[in-house]
Number of protein chains: 2
Amino acid sequence: MKTRIISGAVIAVVTAVLLVLKGWVLFAACYLLSLMGVHEFFKGFKAMNITPNFAIAAGSVTVLYAVAALGERGAGVLGGDMGSWMMAWLFATVVACLLYLFKIEVRKPEDAMATITGIVYVGFFFYHLAAIGMLDGYSIFVWMVMITAFVTDTCAYFSGVFFGKHKMTPVISPKKTWEGAVGGVIGTIIVSGIFGFVFMRPLLVDCMVIGLLGAVISMFGDLTASIFKRKMGIKDYGSLIPGHGGILDRFDSVLFTAPVIYYYIVLVIGA
Amino acid sequence: MKTRIISGAVIAVVTAVLLVLKGWVLFAACYLLSLMGVHEFFKGFKAMNITPNFAIAAGSVTVLYAVAALGERGAGVLGGDMGSWMMAWLFATVVACLLYLFKIEVRKPEDAMATITGIVYVGFFFYHLAAIGMLDGYSIFVWMVMITAFVTDTCAYFSGVFFGKHKMTPVISPKKTWEGAVGGVIGTIIVSGIFGFVFMRPLLVDCMVIGLLGAVISMFGDLTASIFKRKMGIKDYGSLIPGHGGILDRFDSVLFTAPVIYYYIVLVIGA
């Protein structure tokens, strides 16, 4: 328990420092975490007798961050628009994963499909945290990614302990209750509202909407990771963080909240 | 054999008419073909005891074409840039496929991963043919998609018959030879060059480069489909086209040549 608290505090401090620094420091950290996350995810498939390819995934994730980095340096470096490069990245990624099947005697479609899924679900999803940190004038929203992921979790836990009666997902995650979920959402909306009031008052309402959307998707992120781990027959994705499991165990909700917040900023607020 | 020739001719005429009309007619046809292709692909997983979800895929493909269609009508309809909408589409698609796993008792990761793969490999790849048909001033390149797919195939066949000695892929597709492959590439570069010379002389060199790239990727498209069918234990994906199999059997190479040509136009030529 003591180990868990200490390492939890260390993670919190490191995360906070990265969020304060934002920009390229956060970008580089996200790149490393994406690679580590994909690696953990792929390891989990072992028990399912599925063998995704980490080399292809590492290459694909590297190209993703490289395209994003070159795009940040202005349109001059890459011709064409960023969106087309991203779509071309998706195409090239899927082709690379399918070519992996050409050694037909030893590989099966599941191997390629797991590689594609890991790249998109872990690498591409996590990339959005880095992308928010690069948004001119909106990079403070990286904090909203963490608020929606971790406040939801904490508020849901305590609401569940105090008011929990009706099981929400008895099979996937037996301890979760509807009362906990509602408490998690309400708590996150409140904290998001306070954060917006203090740090970006003109976007107060947007922060509360993000709190609502983020809290809901955060729980889906948590449950998705639980489902994969259940099917893989593992308790944790890794053991990197003593008492907390691996990168993916700690950031399973961030995978889902980061893209939702990114697209809310870019498409709804219109950054 | 007679059936095969007649239905082949019908397909060729229908395809030619669609390519001449281009624009929204081709766009609508590609949408339908994408749905039919995904459906065929998913059916093939039956023997592998994998159950992708067609409803999610149909929804995702519909949103993809809808986003593209709204994007075409000008930036006014959708706020934000097209690229961000496309990336948001990918995120939403993957989330939807993962949520499919929440019925944990009856579903397994392979079901979700196959759904993701089908949407991207068939739906997203094929969409690029429609996208080329909408490119102002460059829509004539839809013909290059067909030239690279079908001229490669035909030239490879005849070169293989006349000069074929060294097996290229004995396990995946035993009849293919290196001599056939080289003949396919050379033939396609020549036909592409003639096409460029007659219809778009300023882009003659680009047409020949596309011929080279397209011919190579076209063979990968063909072999990828062969691998999936082999693993699925089926000879053809479908029986819609008498003597030719299903949509995917006929357009397996187009899935790969269309995106390559689209990104060549958008990122290299810079349309």
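Report follows, based on the coordinates. If you're wondering where the values come from, they're calculated on a predicted model, not measured in any experiment.

Describing the pattern of salt bridges
All names here are of chain A.
For step 1, the next point in the chain: All told, the structure shown has eight salt bridges over all chains when counted by the stated rule.
For step 2, the next point in the chain: For D249, the salt bridge identified is with K229, shortest N-O distance 2.6 Å. Of this pair, D249 sits in helix α9 (residues 247-269) while K229 is found in helix α8 (residues 204-232), placing the two residues 20 residues apart along the sequence.
For step 3, the next point in the chain: Looking at K229, the relative accessible area reads 10%, which means it is buried.
For step 4, the next point in the chain: K235 is the salt-bridge partner of D236, the closest N and O atoms lying 3.6 Å from each other.
For step 5, the next point in the chain: On the accessibility criterion, D236 (32% relative accessible area) is partly exposed.

Considering the interface of chain A and chain B
For step 1, the next point in the chain: Each partner contributes to the interface: chain A provides 51 residues, whereas chain B provides 51 residues.
For step 2, the next point in the chain: Summed over both partners, the interface of chain A with chain B buries about 4,700 Å², with 87% contributed by carbon and sulfur atoms.
For step 3, the next point in the chain: At the junction of chain A and chain B, the tally comes to zero salt bridges.
For step 4, the next point in the chain: One can count six residue pairs in polar contact (both at pLDDT 80 or more) joining chain A with chain B.
For step 5, the next point in the chain: Only α4 (82-99), α5 (109-133), α8 and α9 of chain A provide two or more residues apiece to the side of chain A that touches chain B.
For step 6, the next point in the chain: Partitioning the side of chain A that touches chain B into residue classes produces 38 nonpolar, seven polar and six charged.

Observations concerning the relation of the copies chain A and chain B
For step 1, the next point in the chain: Once turned by 180° and shifted 0.0 Å along the axis, chain A lies on chain B with an RMSD of 0.0 Å. Given the turn and translation reported, the copies of this chain are related as if by a two-fold rotation axis. Among all C-alpha atoms of chain A, that of A:G83 lies closest to the rotation axis, at 1.7 Å.
For step 2, the next point in the chain: Most of the interface of chain A is mirrored in chain B: 100% of its interface residues are interface residues there too.

A short note on helix α10 (residues 254-269) of chain B
For step 1, the next point in the chain: In terms of residue burial, α10(B) counts as a mostly covered element, since 14 of its 16 residues are buried.
For step 2, the next point in the chain: After α10(B) finishes, the residue B:G270 shows a positive phi value of roughly 85°.

What about a nonpolar patch on the surface?
For step 1, the next point in the chain: The grouping of A:V182, A:I186, A:I190, A:I194, A:F197, A:V198 and A:F199 at the surface amounts to a nonpolar patch, some 690 Å² of accessible area in total.
For step 2, the next point in the chain: Within the secondary structure, A:I186 is located in helix α7 (residues 178-199).

Here's the deal with unusual backbone geometry
All names here are of chain A.
For step 1, the next point in the chain: Of note in this structure, K22 is not a glycine but carries a positive phi near 50°.
For step 2, the next point in the chain: Within the element layout of this structure, K22 appears in the loop between α1 (2-21) and α2 (23-44).
For step 3, the next point in the chain: Judged by relative accessible area, which is 24%, K22 ranks as partly exposed.
For step 4, the next point in the chain: The phi dihedral of N49 is positive, around 60°, even though this residue is not glycine.
For step 5, the next point in the chain: On the accessibility criterion, N49 (56% relative accessible area) is exposed.

Considerations on the packing of aromatic side chains
Residues and elements named next belong to chain A.
For step 1, the next point in the chain: Under the definition given, this model contains 50 aromatic pairs over all chains.
For step 2, the next point in the chain: Judged by centre distance (5.7 Å) and plane angle (80°), the ring pair of F125 and F256 falls under edge-to-face. In this pair, F125 is assigned in helix α5 and F256 in helix α9, connecting sequence segments 131 residues apart.
For step 3, the next point in the chain: Residue classification places F256 among the buried positions, given a relative accessible area of 0%.
For step 4, the next point in the chain: When the ring centre of F197 is taken as reference, the NZ or CZ atom of R201 above it lies at 4.0 Å.

Brief notes about the packing of helix α1 (residues 2-21) of chain B against helix α6 (residues 142-163) of chain B
Residue and element names in this part refer to chain B.
For step 1, the next point in the chain: Packing of α1 against α6 leaves a shortest axis separation of 9 Å and a crossing angle of 150°. The angle between α1 and α6 places the two elements in the roughly antiparallel class. Contacts between α1 and α6 involve T15, A16, L19 and V20 on the former and, on the latter, V142, W143 and M146.
For step 2, the next point in the chain: Tallied by class, residues from the contact of α1 with α6 come to six nonpolar, one polar and no charged.

Observations regarding the environment of A:S192
All names here are of chain A.
For step 1, the next point in the chain: Tracing the sequence through the fold places S192 in helix α7.
For step 2, the next point in the chain: In this structure S192 comes out as buried when scored by relative accessible area, which is 0%.
For step 3, the next point in the chain: On a C-alpha basis, the gap between S192 and T15 in space is 18 Å, while along the polypeptide they are 177 residues apart.
For step 4, the next point in the chain: When neighbours within four sequence positions are excluded, S192 is seen to be in contact with M144, I147, C207, M208 and G211.

Conventions used here
Residues numbered from 1 in each chain as written. Chains lettered and ligands numbered in written order. Predicted model: local features only at pLDDT ≥ 70, side-chain atom pairs only at ≥ 80, totals over all residues. Heavy atoms only, no water. Salt bridge = Lys/Arg side-chain N within 4 Å of Asp/Glu carboxyl O. Helix = DSSP H or I, 4+ residues; strand = E, 2+ residues; numbered from the N terminus. Buried < 20%, exposed > 50% of the residue type's maximum accessible area, 1.4 Å probe, protein only. Contact = heavy atoms within 4.5 Å. Buried area = accessible area lost by both parts, 1.4 Å probe. Polar contact = N/O pair within 3.5 Å; in protein donor to acceptor, adjacent residues only side chain to side chain. Nonpolar A, V, L, I, M, F, W, Y, C, P; charged D, E, K, R; others polar. Least-squares fit on C-alpha atoms with pLDDT ≥ 70 in both. Patch = residues over 30% accessible without salt bridge, like charges linked within 9 Å, V, L, I, M, F, W, Y side chains within 5 Å. Areas by Shrake-Rupley, 256 points an atom, 1.4 Å probe, with all protein chains shown as cover. Phe/Tyr/Trp six-rings, centres within 6.5 Å; stacked < 30°, edge-to-face > 60°. Lys NZ or Arg CZ within 6 Å of the ring centre and 35° of its normal. Axes fitted to C-alpha atoms, helices over the stretch in contact; angles between N-to-C directions. Parallel < 35°, antiparallel > 145°, perpendicular 65-115°, else oblique.

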